[in-house]
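Descriptive analysis of the structure
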Amino acid sequence: MPYLILKRTSLIALPIAVLAAALVFAGSAPAATTLSGTVGPGFTISLKKKGKKVTSLKAGRYRITVRDKSDLHNFHLTGPGVNRRITTIDFQGTKSRTFKLRKGTYRYVCDAHPADMKGSFKVG
């Protein structure tokens, strides 16, 4: 009889373990692609991927890391479903945020100097 109980338990435990593993992997999102933003120290603002200026991206998850080199500027990203100041005007340092970018045009700007410090890119 003990053999029968062990066998039934094993038959139940195996499918539960497989299901649990499948749920873990199905629920984990793909890794976000990293983009590098810089603002300051002069009147410059940029967004790059692997050292090249971002002009277009595929829709997906992106981690934007901004190096804010001046307490006179900020990095503000807007676009479909996004309106986020990654850094503030009085902040100097590095901050990162992850976004799900959808199809459309995105803009980044320094709110204190919007005419001179701005950029944009398209997501398709």
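Report on the accompanying structure. Source: prediction; values computed, not measured.

Cut-offs and rules
Residue indices follow the written sequence of each chain, beginning from 1 at its first position. In keeping with the model being predicted, local features are shown solely for residues with a pLDDT of at least 70 and side-chain atom pairs are shown and tallied solely at 80 or more, while totals for entire chains, interfaces and linings include all residues. Only hydrogens and water are set aside when side-chain values are computed; all heavy atoms of the structure are taken into account. Residue types Ala, Val, Leu, Ile, Met, Phe, Trp, Tyr and Cys, when buried and joined through side-chain atoms within 4.5 Å, form a set referred to as a nonpolar core. Accessible area is worked out with a 1.4 Å probe on protein chains only. A residue is then buried under 20% of its type maximum, exposed over 50%, and partly exposed in between. Put simply, DSSP H or I for four residues or longer makes a helix, DSSP E for two residues or longer makes a strand, and each gets a number counted from the N terminus. Throughout, a residue-residue contact means that at least one pair of heavy atoms, one from each residue, lies within 4.5 Å. At least two DSSP bridges between two strands are needed for those strands to be called paired.

Turning our eyes to something else, we now look at the nonpolar core. Generally speaking, soluble globular proteins have nonpolar side chains that are buried together. The biggest cluster of nonpolar side chains holds 21 residues, and the ones touching the most others in it are Leu47, Leu57, Ile64, Leu77, Leu101 and Phe121. For this core, the secondary structure elements donating two or more residues are β1 (33-39), β2 (45-49), β5 (60-68), β6 (75-79), β7 (82-87), β8 (93-101), β9 (104-109) and β10 (118-123). When residues in this core are grouped by element, the largest group, three residues, is from β5. Once residues within four sequence positions are removed from consideration, Phe121 is found in contact with Leu47, Val54, Thr55, Ser56, Leu57, Leu77, Leu101, Gly104, Thr105, Tyr106 and Tyr108.

With that settled, consider the sheet that holds β10. Overall, mixed pairing links the five strands, which are arranged β4-β10-β9-β6-β7 in an open sheet. With partners counted over all chains shown, the strands left at the sheet margins are β4 (56-57) and β7, one partner each.

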